[in-house]
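Inside the fold
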There are 2 protein chains.
Amino acid sequence: MHTVIDFIHTSRDRYISALTEYLAIPSISALPDHVDDVARCARWTADELGRVGLENVRLIETGGNPVVYADWLHAPGAPTILFYGHYDVQPVDPLDQWTSPPFEATVRAGEIYARGAVDDKGQIFMHFKAVEACLKQTGRLPVNMKLILEGEEEIGSTHLDGFVRDHQSELAANVVIISDSPMFDRGVPSLCYGLRGLSYFQIDLRGTTSDLHSGSFGGAVANPGFVLAQVLAQMKDRAGRVKIPGFYDDVRPLLDEEREAFARLPFNEQQYRTDLGAPRLFGERDYTTLERVWARPTFEVNGLLSGFTGDGAKTVIPAVAMAKVSMRLVPDQEPDTIAEIFETYLRKVTPKTVTLDVTRLHGGKPWMTELDNPFVQAAGRAIERGFGRAPVFNREGGSIPVVSTFQEVLGLPTLLFGVGLPDENAHAPNEKLNLGNFLNGIIASTFLYEEIGKLTG
Amino acid sequence: MHTVIDFIHTSRDRYISALTEYLAIPSISALPDHVDDVARCARWTADELGRVGLENVRLIETGGNPVVYADWLHAPGAPTILFYGHYDVQPVDPLDQWTSPPFEATVRAGEIYARGAVDDKGQIFMHFKAVEACLKQTGRLPVNMKLILEGEEEIGSTHLDGFVRDHQSELAANVVIISDSPMFDRGVPSLCYGLRGLSYFQIDLRGTTSDLHSGSFGGAVANPGFVLAQVLAQMKDRAGRVKIPGFYDDVRPLLDEEREAFARLPFNEQQYRTDLGAPRLFGERDYTTLERVWARPTFEVNGLLSGFTGDGAKTVIPAVAMAKVSMRLVPDQEPDTIAEIFETYLRKVTPKTVTLDVTRLHGGKPWMTELDNPFVQAAGRAIERGFGRAPVFNREGGSIPVVSTFQEVLGLPTLLFGVGLPDENAHAPNEKLNLGNFLNGIIASTFLYEEIGKLTG
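Residues numbered from 1 in each chain as written. Chains lettered and ligands numbered in written order. Predicted model: local features only at pLDDT ≥ 70, side-chain atom pairs only at ≥ 80, totals over all residues.

This part is about the overall build of chain A. Along the backbone of chain A there are 14 helices and 18 strands. Taken over C-alpha atoms, the radius of gyration comes to 25 Å for chain A, in line with the 23 Å a tight globule of 457 residues would show. Seen along its three principal axes, the alpha-carbon backbone of chain A occupies a region of about 85 × 50 × 45 Å. Out of the 457 residues belonging to chain A, those deemed buried represent 54%. (Helix = DSSP H or I, 4+ residues; strand = E, 2+ residues; numbered from the N terminus. Rg over C-alpha atoms; globule rule 2.2 N^0.38 Å. Buried ≥ 20, exposed ≤ 12 C-beta atoms within 10 Å, placed from the backbone.)

Below, the structure is given as structure tokens:
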């Protein structure tokens, strides 16, 4: 491997130059004006995959922006990696808050600034260069690889689910690798092994045909704004525990080793609280903050609307009241089961003085890879070799829908092997990527292929 | 009195003709374009007061629209009536829903249709004509009278409170008469002896500096939308009883005779529920609907706003949550006392996980005249003589701030002697006044002066 690592170290300037070219393409999938740029970026990506030595490069139509596909399948007996990433980027508004133009990559103090630097062009380019280093210096990869790069991640991966289902057999592999997430903290490389799911609803209560004068009618009828408060208040107790019967039945308990690992992380609760501007932190009793956001389910009010909300005083009894509510789910909660027990409980606690409509707006499964999964262990060793420090194993509170798709449709575990930093402004002005992490990431990626190659395919 | 009554009966056409002229002046106080019309209407009112034989007629500047004043003070030993009404009217939008033009009074099927017909020109004109009949036919009034007609009632009586305070001694009297409210129902003349007061607040809760992603942060901090629901839910129990400690301490219990009188009223609860479109009626246990809206205090949510309220699903933990809430008060609750115990309780039940701001937006005292007050009894006899049927004694759930002003500043009881009907569209298109009630009202007004004249001033 020495020649591979040396090659990477001596290629720094060439990498930055090519990445700058890649970042110059404004492949903003959300804006119709950039449809040609997105197409150009797909072609650039395909050309690059050919240049680094991958095979069977092609653009696959999806009904939306194309998926760029490539593979290298000459390691018989070794596992097959399915690498997933995206070549589209977020819009750049507000443009006036950028220190340098978003599509003219600029290096300042060891960081490369541009839209897409960390999300996700910089991180997929890191793998392109790892593949290149292996192929150019050793003539082969230690694993089989299939790569799919999509162009709609920033608009909800509209066509990806269908694409994966339509190409199920062609995408057969042993493990998925995604580099599209931050590490835990600066200098703390990490491997994310769990994500939460989601169950999202709108609740609409109606009390009367129209708003009523609170003087003339106050006292005679239920007030849907108040009933909504009563109903929502019954969803969690004072200690922050969700009261929906059966809600915790399928929650996989945190393992002692997970709790110990989380407790060892460099997490400053006081700083976290101050950064959020919260008077105090609050969550489910007997769990730490990291346990609460990574490994425990929640019930949240996302929105409330009823009656008069302008300046001053209007003496109205609202006719209707609306709430958006959602639950974050953890393994092994099922969104459909949760939706059913939630709706049943909601109907039970809503009084007959109002009519109730409940709408399911969104659902997504939680996801988790076992810590003792051999791919997870292999990735841990690769990160330690590449970054000189053993990774922390963390979970995330949010959702990445494609991870569930890969698990459900292809039956594959996923490695979330991200080298971004939490403050690198993905989706914000002055997006950037630390070049040290970028280079270490290329090296760690070659180790990752090597470690996975040692496993049985 | 026979000549007076005969005079009234034979003047019907002349009354309608003059009222039509009065109603033709678009004295809309809310619209700057009509400032000249309002001034013209004040002059017309003053001229009319002179024509009917009242004395000391003048316009008194208030800083806003003038108050029209007149008096007749030649009944030594008899009580003095302070008559209050207003010559301004509501806007007429939506104009296309009027069957005939709002400022061209039109008689159809015994009703006169025009903006101001019932609220309040028609009802004050009724007293002008009662005064005229007495003075023209008998040369005197059986009571002393002072009349004040304001031009800002429809915009919140901005300057009336100051006017009454500034002219406290000139307005000295024994009783206030206001004809600006409906009777209980068609064919059911009534005398309203109680109104509810009001205490209105805005509650603002803040959890964090900005909205948070409910995946990344859900579980770590309190959700102000949920906390707001928890806090509001603690304001009333399941039986509809307000839980603020001390809230009911000063509530004057309903007398047995009041409850019996309310129970005798022609009130169809099923029809009332159907008209409102409510799945069922709901209110404080052990009270009837009329008792709940007239004689019991309430706690209402008037508005709610927090987080994401658009279409679809946005996974946000709101930074802030806002509620407008108000309490209707009954004698002898004091708005200031209620505000204090409410704020104390609110602060006690709001957890320290959020910051709380509470703003007092409005307060108004409840009002009630004793049923055995001799003026109330006199008015009852006058209505029975004028309408051929003893009035029902009712209360109202809303507030009329000037009634509190007359009680507080001048120490006067008020008679709410209204001859409108509940469906006469005050503030709505096709406002109207029943001409039978108008004529009976003129006659009943002369009896009212006579009955009050029998009391000691």
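Okay, back to it.
Right, let's talk about the domain arrangement of chain A for a bit. Residues and elements named next belong to chain A. In terms of domains, chain A is made up of domain 1 (2–195 + 367–453) and domain 2 (197–251 + 297–364). Of the residues lining the interface, 6 residues belong to domain 1; the matching set on domain 2 comes to 5 residues. Of the residues belonging to the side of domain 1 that touches domain 2, the class tally is 2 nonpolar, 4 polar and no charged. (Domains from an automatic or database assignment. Contact = placed C-beta atoms within 7 Å. Nonpolar A, V, L, I, M, F, W, Y, C, P; charged D, E, K, R; others polar.)

For the rest of this paragraph, the subject is the interface of chain B and chain A. Many structure descriptions define interface size as the accessible area lost when the parts assemble. Counting from both sides, the interface comprises 70 residues of chain B and, opposite them, 70 residues of chain A. Broken down by element, the residue count for the side of chain B that touches chain A peaks at 8 residues, all from strand S11 (residues 300–307) of chain B. Here the side of chain B that touches chain A is built from residues that sort into 29 nonpolar, 30 polar and 11 charged.

Turning next to the relation of the copies chain B and chain A. Of the two same-sequence chains, chain B is brought onto chain A (RMSD 0.1 Å, axial shift 0.0 Å) by a rotation of 179°. These values place the two chain copies in the arrangement generated by a two-fold rotation axis. Judged by C-alpha distance, Ala229(B) is the residue of chain B that lies nearest the rotation axis, at 2.0 Å. When the interface residues of chain B are mapped onto chain A, 100% of them are again interface residues, pointing to one common binding face. (Least-squares fit on C-alpha atoms with pLDDT ≥ 70 in both.)

Turning to the packing of helix H1 (residues 2–10) of chain B against helix H4 (residues 121–138) of chain B, a few remarks are in order. Two numbers describe a pair of packed helices, the interaxial angle and the distance between the axes. Residues and elements named next belong to chain B. It is at 9 Å that the axes of H1 and H4 come closest, and there the two elements cross at 125°. Accordingly, the angle class assigned to the pair H1 and H4 is oblique. For the pair H1 and H4, the crossing hand works out as right-handed. When H1 is examined against H4, the residues Thr3, Val4, Phe7 and Ile8 are found in contact with a partner set consisting of Ala133, Cys134, Lys136, Gln137 and Thr138. Here the contact of H1 with H4 is composed, by residue class, of 5 nonpolar, 3 polar and 1 charged. (Axes fitted to C-alpha atoms, helices over the stretch in contact; angles between N-to-C directions. Parallel < 35°, antiparallel > 145°, perpendicular 65-115°, else oblique. Left-handed = near helix turned anticlockwise from the far one by under 90°.)

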